[in-house]
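Overview (structure and organization)
If you want the building blocks of each chain, they are given just below.
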Amino acid sequence: MKLFLNVEKARIPIKQFMTRGIMGIDKNETIKNACKKMIEFGISSLAVLENEKIVGFLTKKDIIDGIAKGFSVDEKIKKIMSKNLVFCDSSVPIEEVLNIMANFQVRHILIKEKGEFIGIFSLKDIIDLQKFNLETQISSD
Amino acid sequence: MKIAHISDTHFPHIIKESFDRTVEMINNSDVDFVIHTGDLVDRGYLREYEEAIKAFSMVKKPIIFVPGNHDGKNVGLKLFENLIGPLSGVKEGKDYVILYLNSVIPDMNEGRISNSSFLWLKEKLRKYIDKRIKIVSFHHHLVPVPNTGRERNVLFNSGDVIDILIKYGVNLVLSGHKHYPNIYQLEDLLIVNAGTMCSVKTRLGDKNSFNIIEIDDKIRVKTLRMDEIRERVYTRKKERIYNVESEKLFRIVQIAGTFIDETDIFNKKMFLNAFKKIEELNPDFIVHCGDIVNEGLIKNYALASKYFNLPIFFVPGPRDINYLGYNLFPKYFGLKERHITKKVAFKFLNSSQYDSDVGVVGRGQLNKIKQFSRNLSEFKIVVLHHNLLPIENTREKGLLEDAGDVLYELTRLKIDLVLTGHSSHPSARKIEDTLIVNANSLSCKKQRSLFGNSFNVIDVYKDFIYVSEIQSLSGSRHVLGIWKRK
Ligand SMILES: [Fe+2]
Ligand SMILES: [Fe+2]
């Protein structure tokens, strides 16, 4: 299998790989609604907003953990969101970003530029590319 | 910072009055430096270079000369290097960097950023990523320019160049070549083409012109023709966070390149999986941007008619109308001209020509787009097969031959969305106020994306447009982009 992240690519700034724009949800919305929105937009994380500013982050994993702990789906997402935001600057090379993500044990990272949040990078994006490599190898009979 | 952007002097065929006046204006202005975006001379001869050098000795500001295709005629680039300066280079300031490079293929009018130049550009963009202002310059135009006739000589690989310029956050591209001044904002990248400073070779009886570009927190581009001044001011877009609570208006599934056939160029499994997913997505509209069948043969059309059970709007690709397809397409799929509701209006174009890969919209259809743009729908969409913008990972051959004029009209009319389906690679870019989305091939073995065969889902919300790509095989979804609505 061809490795997607070769040495040359590892030095490329994360800006090249991130998704521009961040989907956000108000912190007083319910867990249930957050689930609906994740499905609607086909994503597994949402920025949590207070007056349109990012105050937290909510992933599929946070929701599963929350439900397992006994939170009802009608409770507000602010109760289960991560308050510590993991982010880096858009010029950081992807290999470093992957390190940061491993250190914090997260699958999504917010990207900042000139002090403002501008995008998001998710491990899923890289996995999807790998998956296609694998699938074409399997299906090339 | 202030730059004078001049171009296409074509010595010795100059209008002296235009040259002298421009030089006088530049000398009397507070510009920091001048950039000349190529075609300094007309035939690449020593005499011409000598004359140009003598004339430019009048300019009292530093000048960067970028080589053009005319400078390279008769092995002229050697003279250019010896007499004028390097073919590519870097000018660095405290908070800016200018990267200029050679896009000339000797003795050809077409341009190319060669492999090594492309790598050089990437390396420099990486090196200077933290500069607040990044400017890139080369001679050939990056996107089709209006009023310049057949669009056959943009850079071969402009799709890839656009891609890295946008991804690295370049602010400004300065080019020439077409002798017609034009400005487009493509995402956050401002694409500026200069007219000719002093050559007799103008288009449409246009006057000579040059640009003054002022950069602070905004970018101001002033185009100074010999008899008028036009100014436009650009600010970078700020909006980056989109609230999921925005009202959803409608969902479009955009597909292309199904290539239905009995041979294995048509990947049936891809097709069936993709359509299972499409039903699940429950779209309000499905639009097929062409190349429905592999070849325009009766057996393919008969087969295709069995495969499509959902209501779909079709526009033809070149594959659909070759051989007998010209007669079969209207019979089997019907070419609808438009579909108009209060919320959304579609205009469908046929850009394909019989037995030719070259696409054209033509004046007749362009006039119909103008009529269409007057309808009162809240959201206007134009659908065609061929590309209006160069697509990454492909050669520019998928562009319409009249892409320059069509792009100009669609953006001027503020069409909200344009859907295309050529080149087998997904792409989504906003140019001016118009979002242009291209679909990959849904089920053709020949496709160019690392993500594999796919189709697009375009969700229009009250405040934004959300575009994602879906893998035909696995149904896996990833976001191509989110754009704020005006
Ligand atoms: Fe020229
Ligand atoms: Fe030229």
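Residues numbered from 1 in each chain as written. Chains lettered and ligands numbered in written order. Predicted model: local features only at pLDDT ≥ 70, side-chain atom pairs only at ≥ 80, totals over all residues. Heavy atoms only, no water.

What to know about the overall build of chain A
- Secondary structure summary: chain A contains five helices and seven strands in total.
- In sequence order, the secondary structure elements of chain A are arranged as α-β-β-α-β-β-α-β-α-β-β-α.
- For chain A, with 141 residues in total, the buried portion stands at 48%.
- Accessible surface for chain A amounts to roughly 7500 Å². Of this, 55% is attributable to carbon and sulfur atoms. (Helix = DSSP H or I, 4+ residues; strand = E, 2+ residues; numbered from the N terminus. Buried < 20%, exposed > 50% of the residue type's maximum accessible area, 1.4 Å probe, protein only. Areas by Shrake-Rupley, 256 points an atom, 1.4 Å probe, with all protein chains shown as cover.)

A word on the pairing of strand S8 (residues 182-186) of chain B
All names here are of chain B.
- Of all five residues in S8, five are buried, a share of seventy percent or more.
- Summarising the sheet, S8 and strand S9 (residues 189-193) pair through five bridges and their orientation is antiparallel. Residue pairing across strands places Gln 185 opposite Leu 190, the latter belonging to S9. (Pairing = 2+ DSSP bridges.)

Considerations on the environment of B:Lys91
All names here are of chain B.
- Turning to its location among the elements, Lys 91 is positioned in strand S4 (residues 89-92).
- As for Lys 91 and Ser 209, which are separated by 118 residues in sequence, their C-alpha atoms are 24 Å apart.
- Look past the residues within four positions of Lys 91 in its chain and what remains in contact with it is Phe 33, Ile 64, Tyr 96, Val 97 and Ile 98. (Contact = heavy atoms within 4.5 Å.)

Section: the coordination of the iron ion (ligand 1)
All names here are of chain B.
- For the iron ion (ligand 1), the protein coordination sphere consists of Asp 8 (OD), His 10 (NE2), Asp 39 (OD) and His 179 (NE2), at 2.0 to 2.2 Å.
- Summarised as a motif, the one-chain spacing of the donors to the iron ion (ligand 1) is D-x1-H-x28-D-x139-H.
- A gap of 3.3 Å separates the iron ion (ligand 1) and the iron ion (ligand 2), which Asp 39 links by coordinating each metal. Here Asp 39 lies in the loop between strand S2 (33-36) and helix H2 (46-56) and Asp 8 lies in the loop between strand S1 (2-6) and helix H1 (16-27), a separation of 31 residues in the sequence.
- Taking the relative accessible area as the measure of exposure, Asp 8 reaches 0% and is therefore buried. (Donors = N, O, S within 2.8 Å, 3.2 Å for Na, K, Ca; no water.)

Focus on the interface of chain A and chain B
- In this assembly, 39 residues from chain A lie in contact with 38 residues from chain B.
- At the boundary of chain A with chain B, total buried surface from both sides reaches about 3300 Å², with 53% on carbon and sulfur atoms.
- The interface formed by chain A and chain B includes zero salt bridges.
- The tally of links between chain A and chain B comes to 12 residue pairs in polar contact (both at pLDDT 80 or more).
- Counting residues per element, the side of chain A that touches chain B draws most heavily on helix H5 (residues 123-139) of chain A, which supplies seven residues.
- Here strand S2 (residues 22-26) of chain A pairs with strand S13 (residues 241-243) of chain B via three bridges, running parallel. Residue pairing for S13(B): A:Met23 is matched across the bridge by B:Tyr242. (Buried area = accessible area lost by both parts, 1.4 Å probe. Salt bridge = Lys/Arg side-chain N within 4 Å of Asp/Glu carboxyl O. Polar contact = N/O pair within 3.5 Å; in protein donor to acceptor, adjacent residues only side chain to side chain.)

What about the domain arrangement of chain B?
Residues and elements named next belong to chain B.
- Assigned domains within chain B: domain 1 (2-235) and domain 2 (248-484).
- Each partner contributes to the interface: domain 1 provides 25 residues, whereas domain 2 provides 26 residues.
- Overall, the association of domain 1 and domain 2 removes approximately 2100 Å² of surface from exposure, summing both partners, and the carbon and sulfur fraction of that is 51%.
- Applying the counting rule to domain 1 against domain 2 returns two salt bridges.
- The salt bridge involving Asp 163 is made with Arg 429; its shortest N-O contact spans 2.9 Å.
- Inspection of the domain 1/domain 2 interface yields eight residue pairs in polar contact (both at pLDDT 80 or more).
- Elements that contribute at least two residues to the side of domain 1 that touches domain 2 include exactly helix H5 (158-167) and S8.
- The element best represented in the side of domain 1 that touches domain 2 is H5, accounting for six residues.
- Taken together, the residues of the side of domain 1 that touches domain 2 break down into 13 nonpolar, five polar and seven charged. (Domains from an automatic or database assignment. Nonpolar A, V, L, I, M, F, W, Y, C, P; charged D, E, K, R; others polar.)

Comments concerning the coordination of the iron ion (ligand 2)
All names here are of chain B.
- The protein atoms that coordinate the iron ion (ligand 2) are Asp 39 (OD), Asn 69 (OD1), His 139 (NE2) and His 177 (ND1), at distances spanning 2.1 to 2.2 Å.
- Classification of the site at the iron ion (ligand 2) rests on its four donor atoms, whose angles at the metal span 84 to 165 degrees, yielding the label irregular.
- All donors of the iron ion (ligand 2) come from a single chain, and their spacing in sequence reads D-x29-N-x69-H-x37-H. (Tetrahedral: all angles 85-135°; square planar, octahedral: opposite > 155°, others 65-115°.)

Focus: the packing of H2(B) against helix H3 (residues 76-84) of chain B
Residues and elements named next belong to chain B.
- At a minimum axis separation of 10 Å, H2 and H3 run at an interaxial angle of 30 degrees. As judged from the angle between their axes, H2 and H3 are roughly parallel. Considering the relative orientation of H2 and H3, their crossing is right-handed. Within the contact between the two elements, H2 uses Leu 46, Tyr 49 and Ile 53 and H3 uses Gly 76, Leu 79, Phe 80, Leu 83 and Ile 84.
- When grouped by side-chain class, the residues that make up the contact of H2 with H3 number seven nonpolar, one polar and no charged. (Axes fitted to C-alpha atoms, helices over the stretch in contact; angles between N-to-C directions. Parallel < 35°, antiparallel > 145°, perpendicular 65-115°, else oblique. Left-handed = near helix turned anticlockwise from the far one by under 90°.)

Description of the confidence of the model for chain B
- Averaged over all residues, the pLDDT of chain B is 94; the fraction at 70 or higher stands at 99%.
- Both confidence scores are given for the complex: pTM 0.94, ipTM 0.90. (pLDDT = per-residue confidence, 0-100.)

Notes on the nonpolar core
- Residues A:Phe121, B:Leu142 and B:Leu165 are the most contacted members of the largest nonpolar core, which totals 62 residues.
- At five residues, H5(B) tops the list of elements feeding residues into this core.
- Setting aside its immediate chain neighbours within four residues, B:Leu142 contacts B:Val154, B:Leu155, B:Ser158, B:Val161, B:Ile162, B:Leu165, B:Val173, B:Leu189, B:Ile191 and B:Pro390.
- Ranked by size, the runner-up nonpolar core spans 26 residues in total, among them B:Phe250, B:Ala256, B:Phe346 and B:Trp483. (Core = buried A, V, L, I, M, F, W, Y, C linked by side-chain atoms within 4.5 Å.)

Quick look at a nonpolar patch on the surface
Residues and elements named next belong to chain B.
- Residues Ile 298, Tyr 323, Leu 324 and Tyr 332 make up a contiguous nonpolar surface patch of about 390 Å² in total accessible area.
- Assignment of secondary structure puts Tyr 332 in helix H9 (residues 325-332).
- Given the relative accessible area of 33%, Tyr 332 is considered partly exposed. (Patch = residues over 30% accessible without salt bridge, like charges linked within 9 Å, V, L, I, M, F, W, Y side chains within 5 Å.)

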